[in-house]
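Fold and contact review
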Amino acid sequence: MKVEIQEVSGFHSLGLEIDVAISFMPFIRFVAQRAAEETTPKAVFYKKILEYFRQQQIPETDIALDDVHQYEGFFEHVYTCLSPVLSPEKDLAWGLSFPVNPRIFYGTDRLFEMIGQKPSDGDEYLIKKTVEDFIKERLNLIYTLILRRLYNFHVPVKVQQYLAWRNHETGLLSYYEANVNTDFVEITPKGELPVIDFVELYARFSEDNGHLLLEKMLPLHLFRFRGFAVLNISDVTAQMAVENIKKVRLNRIPGDGATRYRNIIESLKTLVQNNKIEFDLFPFVRVNNRAVFGYETGGTGIMFKVWGGDRLTPEAFTRQAESYFAKPISFFSPDIGGEKEKQIAFLEPFRNLGVRSLAMLPVFFDETAVGVLGMHTWRDEVFDEKTLAMLEPAVEPIAQLLQIYIDEFNLELESIIKEKFTSVQPSVQWKFNETAWHFLYKKKKNIPIEVEPICFREVYPLYGAIDIRNSTVERNAAIRTDLNFHLALLDKTLASLASMDNSSIMQELRYSCGKWIRTFNADELSSADETGLSTFLDFKISDYFTHLQQYEPDTRDVIAGYLDATQPKTGEVFGNRKAFEHSMQMINDAVNDYFESEKEKLQQPYPCYFEKFRTDGVEYDIYIGQSMNPEKPFNHFYLKNLRLWQLSSMIAVAKTTHALLPDMPRRLSTTQLIFVHNHMIDISFRPDERKFDVEGAYNIRYQMIKKRIDKVHLRNTGERLTQPDTIALIYFQKKDIEDYLPFISYLQETNALAPETEELDLEDLQGLSGLQALRLRIVYD
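Residues numbered from 1 in each chain as written. Predicted model: local features only at pLDDT ≥ 70, side-chain atom pairs only at ≥ 80, totals over all residues. Heavy atoms only, no water.

1. Digging into the overall build of the protein
Secondary structure assignment for the protein yields 23 helices and 26 strands. Relative to the compact-globule value of 28 Å for 781 residues, the protein shows a C-alpha radius of gyration of 42 Å, a clear excess of over 25%. When its C-alpha atoms are laid out on the principal axes, the protein stretches across 135 × 80 × 60 Å. Classification of the 781 residues of the protein by burial places 45% in the buried group. A separation of at least 24 residues holds for 70% of the contacts in the protein among residues at least 6 apart in sequence. Put simply, the protein shows about 41200 Å² of open surface, and 51% of that area lies on carbon and sulfur atoms. (Helix = DSSP H or I, 4+ residues; strand = E, 2+ residues; numbered from the N terminus. Rg over C-alpha atoms; globule rule 2.2 N^0.38 Å. Buried < 20%, exposed > 50% of the residue type's maximum accessible area, 1.4 Å probe, protein only. Contact = heavy atoms within 4.5 Å. Areas by Shrake-Rupley, 256 points an atom, 1.4 Å probe, with all protein chains shown as cover.)

2. A look at the pairing of strand β4 (residues 101-107)
By the criterion of burial, β4 is predominantly enclosed, with five of the seven residues buried. Two strands pair when backbone bridges link them, and strand β1 (residues 2-7) and β4 are joined in this way by four bridges, in the antiparallel orientation. Counterpart to Lys2 in the pairing with β4 is Gly107. For strand β3 (residues 94-98) and β4, the ladder comprises four bridges, and the chain directions are antiparallel. From the neighbouring strand, Phe98 faces β4, where its bridge partner is Asn101. Connecting the antiparallel pair β3 and β4 is a turn made up of two residues. (Pairing = 2+ DSSP bridges.)

3. Some thoughts on the packing of helix α16 (residues 471-498) against helix α19 (residues 556-565)
Remark: α16 packs on α19, axes separated minimally by 10 Å, with the N-to-C direction vectors making an angle of 170°. Taken together, the axes of α16 and α19 are roughly antiparallel relative to one another. Contacts from His486, Leu489, Leu490, Thr493, Ser496 and Leu497 of α16 reach α19 at Val558, Ile559, Tyr562 and Ala565. (Axes fitted to C-alpha atoms, helices over the stretch in contact; angles between N-to-C directions. Parallel < 35°, antiparallel > 145°, perpendicular 65-115°, else oblique.)

4. Points about unusual backbone geometry
Positive phi is not limited to glycine here, since Asn288 has a value of about 55°. By the secondary structure assignment, Asn288 is in the loop between β12 (285-287) and β13 (290-292). A positive phi angle, near 65°, is found at Asn716, a position not held by glycine. By the element assignment, Asn716 lies in the loop between α22 (697-708) and β24 (726-731). Using a relative accessible area of 77% as the deciding quantity, one classes Asn716 as exposed.

5. Some points on the layout of surface pockets
Computed from the structure, the second largest pocket encloses a volume of approximately 730 Å³. Along the walls of the second largest pocket sit 38 residues, with Lys612, Phe613, Thr615, Val618 and Glu619 positioned nearest its centre. Taken together, the residues of the lining of the second largest pocket break down into twelve nonpolar, ten polar and 16 charged. (1 Å grid on protein atoms, 1.4 Å probe; cavity = no way out; pocket = protein on both sides within 12 Å on 5 of 7 lines; lining within 4 Å. Points joined across faces, edges and corners; volume = space filled by probe spheres on them. Nonpolar A, V, L, I, M, F, W, Y, C, P; charged D, E, K, R; others polar.)

6. A word on helix α23 (residues 740-749)
Those residues of α23 lying buried are Tyr740, Phe743, Ile744, Leu747 and Gln748. Down the axis, α23 shows its buried residues gathered within 140° of arc, on one side only. On the buried face of α23, the contacting elements are β18 (455-468), α21 (636-659), β21 (670-675), β24, β25 (753-761) and β26 (772-778). Asn751 sits one or two positions beyond α23 and adopts a positive phi of about 65°. (Arc of directions from axis to C-beta.)

7. Here's the deal with the sheet that holds strand β8 (residues 185-189)
The three strands lie next to each other as β2-β9-β8, forming an open sheet whose pairing is mixed. Among the strands making up the open sheet, the edge pair consists of β2 (19-22) and β8. Between one strand axis and the next, the sheet turns through 15° on average, direction left out of account. Pairing of β8 with strand β9 (residues 223-227) involves five bridges; the strand directions are antiparallel. Bridge pairing in β9 places Val185 opposite Gly227.

8. What to know about the side chain of Thr377
Its place among the elements puts Thr377 in the loop between β17 (368-376) and α13 (385-389). Using a relative accessible area of 0% as the deciding quantity, one classes Thr377 as buried. Within the structure, the side chain of Thr377 is placed 2.5 Å from the backbone oxygen of Glu381, a separation counted as a polar contact. Dropping the residues within four chain positions of it, Thr377 is found in contact with Lys276, Ile277, Gly354, Val355, Arg356, Ser357, Val382 and Phe383. (Polar contact = N/O pair within 3.5 Å; in protein donor to acceptor, adjacent residues only side chain to side chain.)

9. Looking at a nonpolar patch on the surface
Among the surface-exposed residues, Trp437, Leu440, Tyr441 and Ile447 lie close enough to one another that they form a single nonpolar patch of about 390 Å² accessible area. As for its placement among the helices and strands, Trp437 is situated in helix α15 (residues 426-444). (Patch = residues over 30% accessible without salt bridge, like charges linked within 9 Å, V, L, I, M, F, W, Y side chains within 5 Å. Salt bridge = Lys/Arg side-chain N within 4 Å of Asp/Glu carboxyl O.)

10. Let's talk about the pattern of salt bridges
One pass over the full model with this rule turns up 33 salt bridges. Note that Glu38 is salt-bridged to Arg34, the shortest N-O span being 3.1 Å. Take Arg34: its relative accessible area is 26%, and that puts it in the partly exposed class. Across the pair Lys706 and Asp621 runs a salt bridge, and its minimum N-O distance is 2.7 Å. Remark: Asp621 occurs in strand β20 (residues 618-624) and Lys706 occurs in helix α22; sequence separation between them is 85 residues. Because the salt bridges share partners, they merge into one network encompassing Asp19, Asp62, Lys190, Arg224 and Arg226.

11. So, the pairing of strand β19 (residues 609-614)
Note that β19 and β20 share six bridges and pair antiparallel. Across the sheet, residue Lys612 finds its bridge partner in β20, namely Tyr620. Joining the antiparallel neighbours β19 and β20 is a turn of three residues.

12. Some points on helix α17 (residues 504-521)
Look at α17: 26 Å from first C-alpha to last across 18 residues, which is about the 26 Å you get at 1.5 Å a residue. Buried residues along α17 sit against α16 and α18 (527-551). Remark: Asp523 follows α17 within two positions and exhibits a positive phi of approximately 55°. (Expected span 1.5 Å × (residues − 1).)

13. Some thoughts on empty space enclosed by the protein
A water-sized probe, rolled over the atoms, reveals where empty space remains. Counted according to the given criterion, the structure contains two cavities of 30 Å³ or more. Approximately 30 Å³ is the volume found for the second largest cavity. If you trace the second largest cavity, you find it lined by Leu602, Pro605, Tyr606, Ile624, Tyr638, Asn641 and Leu642. At three residues, α21 tops the list of elements feeding residues into the lining of the second largest cavity. Here the residues of the lining of the second largest cavity sort into six nonpolar, one polar and no charged.

14. Quick word on the nonpolar core
In this structure, Phe595, Ile622, Leu647, Leu729 and Tyr740 are the most contacted members of the largest nonpolar core, which totals 48 residues. Only β18, α20 (575-603), β20, α21, β24, α23 and β26 provide two or more residues apiece to this core. Broken down by element, the residue count for this core peaks at nine residues, all from α20. Residues contacting Ile622, with those up to four places away along its chain left out, are Tyr460, Pro461, Leu462, Leu602, Cys608, Tyr609, Phe610, Leu642 and Trp645. (Core = buried A, V, L, I, M, F, W, Y, C linked by side-chain atoms within 4.5 Å.)

15. Details of the side chain of Lys431
Turning to its location among the elements, Lys431 is positioned in helix α15. For Lys431, a relative accessible area of 18% gives the class buried. Ignoring sequence-local partners within four residues, the contact set of Lys431 consists of Ile454, Cys455 and Phe456.

This is the structure:
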């Protein structure tokens, strides 16, 4: 214990003019009251303090700061009275300071030692305060006292005084909390107390500049402060490390996974006070109640390396994870390279990665295993059970974090299902939410339930189609070529087998094969013939060849060659069909990938409903209008933006598919079509089909038109409107395409489109007449 004047916050605390002084009288009055009330032996102790005070003739007036060294004996009595009985002096950071000014004049050696432990050069302060911050903090503390003592008003602000820094050598964090007890500070008004508006005060006190309001309401020169404050400084590093983990759980931001996990690992290292110990979080996620790989790495990722996809197949991981979590146990070894540990097989991958000490702790949330907390060191560092025990306060928040990760994983799966496999997109989710809430409300209130229709009135439709040119013709040609090869191979195989099998069935099969070849070459194959040919090849030939292989061993090699060639996945007789399907898949994948990458961009100016669906190519519907987002005013410019996107995206898609031609096993081209419907329609969700569809007789006509225009011809010619390397826009009246014309000119002037524009009349279709079209040629780089 010693008397020494120490400024805790440096010059920052010297900024306020306050009538303040040290006085022992608040403490003496407290002791006198306790001596009168106490009936235990404590009363004797309190009376001895009072007697010492009188004997030493300690003044009842204000004490000058420079004179405090005269009262060290009295301060020892104060310490004895107020300090915890069970805590030794050497462990306490305890002291006395000015009433509302952090200037310490007496304290324990530990206190002055901690105050002297300021960060060295290179260390980084984590809680940094300006002069204004310190003044604001002091004012909040002072006014909190005034309002509580003189107005019996408890303010909604808690002032916590922390100091934190990072040691540049260890990389670890240190936290200290200063707890100031003001029970022995008396506040006396110098005159009549001002009247204040508590409603306004309560509303504004917690604001950033709330103290400025109080300075106007209650100027500090109206008050006198006497007494002393009792200061306790605590090392709260472990507590703050756990709190920081909890903050990560509460203050989550989408997409900040890397930063989030870095903060968690840093807090765990701070908790165990060793920067050389590494940590990993391994969440236990399930799909259809089966353990599957997660995809987010927390820490060094060593458990993901050992248990992840780089080392285990999904099936092997499922088996191991299910086995472990069926009976989860903790594992710890200070050295997994020891003789005993070398006998444990599952440690071998960890040893190969250079791990020395290893602990794996199963983590539970609500009595359910949610993951594993891993703790390890590399070759030159070890830890023991005592270090492991230091993690105990962090286990609960870690469990909550892992459960949140699992919940987010499941929500992401649900989001993908909604987006990819249902019609519930973000742009219309609000409507489904609202309808579901109305349904739930009526159910809970026992009101007769009638599911509300989900409708969007007066929306603009936009339609586009990317088709594979002559896909049916190309597919049929591939099938014919493969069948021709198949029949020729079969004829050759039967001829080879005839020398080994001269049975009547063999003769009949050779005759049937020749007949099918003649029919095929004469192009006389009907639908019924196609069914008969499939039966002949898939059953009759197959069954007989199986019989021959079993009973005529000499035929096996010949038949094996035929069977290899007719394997659906690898056989030559499917070569042209596979080439066609692969080329078509290349196109559809490229188009789908493009539209997937564009979906988010489409939503940015104004929410719209975008749905694509597969035919031989890809088609899409877009709906946009005020009813899609009642909170945001709709403007025609949002529609224009989508129409420009339609043209630009068709150019981009055509260029993408054109670039694939050199890599296609069978060269296929795409055509691009846009149908312009310049009138608003109504759409509604059809629960039976789980999709949106148009509503009303007039609107249904729009759907009918879309289905009939894909193969439309020019009037009085046999020429198809849609051609490779072009974009076709179909419309009824010239005014329908007024929005598109400036964009077409812009794209022509920027060499995305050729300068010429074909204006075409189209043939009448069933129930449709008067269709017109523009055809634009795409310029490739």
